[in-house]
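These are the residues of each chain, in order.
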Amino acid sequence: MKTALTIAGSDSCGGAGIQADIKTMTANGVYAMSAITALTAQNTTGVTDILESTPHFLAEQLDAVFTDITPDAVKIGMVSSAELIETITAKLKQYGAKHIVVDPVMVATSGSKLLRDDAVSALCANLLPMAEVLTPNIPEAEILADMPIKNAADMEKAAQTISEKYGCAVLCKGGHQINDADDLLWRGGAGKWFRGKRIDNPNTHGTGCTLSSAIASNLAKGYDLDASVERAKAYISGALAAMLDLGRGSGPMDHMFALKGEFTE
């Protein structure tokens, strides 16, 4: 069995963060492991508190994983401080981590800010250049490219700018009123659109975590980046189309929509 590691925050409501990552990785056929950067008191209506891991304890978690079950891919999500980002960077370099997918989480679906200002520069200087692919949404791409994004042409320009700046592939995610659900993968000086149809489901908590984890899972299994993105988009479409409806806010998806068997009945 192939393995994948998520380095991210914990979501006490289970729809995003490492909980979404572990569900996604499991549903996509890889063995999931985690290193927790922060505990969040969070539900479908927002984030009420965050308790960060210390750099020392995060380093201990990463040592524990890499010295025993080496991950075939690594997904990085919410990392809220510069010190933690520097710790992750050092450990990934130490162990020669491969297939690094960075979801540059800056704002929660609910609108809550998840990244401190000092962490933005550390993220850009340290982690982004190590990534095989970044998966920013429109607001995050606007920050990384330092430009407004109003249409598909802006998405292409922003993705190209980010890719050239950090030397990695960029999957600029549509939505946010730009298009239905079309994502743009930019790498090697060229862009490729992955078309999707917007699913009329207001419950989108954890979509970014889920997509990046599904990409990492498929990279771990040996699929190339294009196929990994295609499969991840199909998976998240299925999870949204299952129309799970929990909570009073933007609820979670059904990560296990395709799981059918003796113990799910």
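For the structure, see preceding data.
Residues numbered from 1 in each chain as written. Predicted model: local features only at pLDDT ≥ 70, side-chain atom pairs only at ≥ 80, totals over all residues. Heavy atoms only, no water.

(A) A look at the pattern of salt bridges. With the rule as written, the count across this model stands at seven salt bridges. Here Asp 182 ties to Arg 195 by a salt bridge, and the two come within 3.0 Å at their closest N and O atoms. In this pair, Asp 182 is assigned in the loop between β7 (169–172) and β8 (183–187) and Arg 195 in the loop between β9 (190–194) and α7 (207–220), connecting sequence segments 13 residues apart. Judged by relative accessible area, which is 11%, Asp 182 ranks as buried. The residue Arg 187 makes a salt bridge to Asp 226 at a minimum N-O spacing of 2.6 Å. Note that Arg 187 is positioned in strand β8 and Asp 226 in helix α8 (residues 225–241), a separation of 39 residues in sequence. Given a relative accessible area of 38%, Arg 187 falls into the partly exposed group. (Salt bridge = Lys/Arg side-chain N within 4 Å of Asp/Glu carboxyl O. Helix = DSSP H or I, 4+ residues; strand = E, 2+ residues; numbered from the N terminus. Buried < 20%, exposed > 50% of the residue type's maximum accessible area, 1.4 Å probe, protein only.)

(B) Quick look at the pairing of strand β3 (residues 46–52). Where strand β2 (residues 31–43) lies against β3, six bridges are found, and the strand directions are antiparallel. Residue pairing across strands places Asn 43 opposite Gly 46, the latter belonging to β3. (Pairing = 2+ DSSP bridges.)

(C) View of the pairing of β9. The pairing of β8 with β9 spans five bridges and is antiparallel. Bridged to Arg 187 within β9 is Ala 190. The antiparallel pairing of β8 with β9 creates a hairpin that spans two residues between the two strands, and Gly 188 there sits at a positive phi of about 60°.

(D) Representation of the packing of α7 against α8. As a packed pair, α7 and α8 sit with axes 8 Å apart at the nearest point and diverge in direction by 135°. One way to sum up the angle between α7 and α8 is to call them oblique. For the pair α7 and α8, the sense of crossing is right-handed. Judged by residue contacts, Thr 207, Thr 210, Leu 211, Ala 214, Ile 215, Asn 218 and Leu 219 of α7 engage Leu 225, Ser 228, Val 229, Arg 231, Ala 232, Lys 233, Tyr 235, Ile 236 and Leu 240 from α8. Classifying every residue of the contact of α7 with α8 gives 10 nonpolar, four polar and two charged. (Axes fitted to C-alpha atoms, helices over the stretch in contact; angles between N-to-C directions. Parallel < 35°, antiparallel > 145°, perpendicular 65-115°, else oblique. Left-handed = near helix turned anticlockwise from the far one by under 90°. Contact = heavy atoms within 4.5 Å. Nonpolar A, V, L, I, M, F, W, Y, C, P; charged D, E, K, R; others polar.)

(E) View of helix α1 (residues 17–27). Among the residues making up α1, those that are buried are Gly 17, Ile 18, Ala 20, Asp 21, Thr 24 and Met 25. Relative to the axis of α1, the buried residues are bounded by an arc of 155° and lie together on one face. Close packing links the buried residues of α1 with β1 (3–11), β2, β4 (73–76), α7 and α8. Directly after α1, the chain includes Gly 29, whose backbone phi takes a positive value near 80°. (Arc of directions from axis to C-beta.)

(F) Molecular detail of the packing of helix α3 (residues 82–95) against helix α4 (residues 117–127). Running from N to C, α3 and α4 cross one another at 15°; their axes reach a closest spacing of 8 Å. Between α3 and α4, the angle is such that the two are roughly parallel. The two elements α3 and α4 cross, and the hand of that crossing is right-handed. Packed against α3, whose contacting residues are Ala 82, Glu 83, Ile 85, Glu 86, Ile 88, Thr 89 and Leu 92, the element α4 presents Asp 118, Ala 119, Ala 122, Leu 123, Asn 126 and Leu 127 at the interface. Taken together, the residues that form the contact of α3 with α4 break down as eight nonpolar, two polar and three charged.

(G) Local environment of the side chain of Ser 10. Among the secondary structure elements, Ser 10 is positioned in strand β1. Using a relative accessible area of 11% as the deciding quantity, one classes Ser 10 as buried. In this structure Ser 10 touches Ile 18, Gln 19, Ile 36, Ala 38, Leu 39, Thr 40 and Gln 42, once residues within four positions along its chain are discounted.

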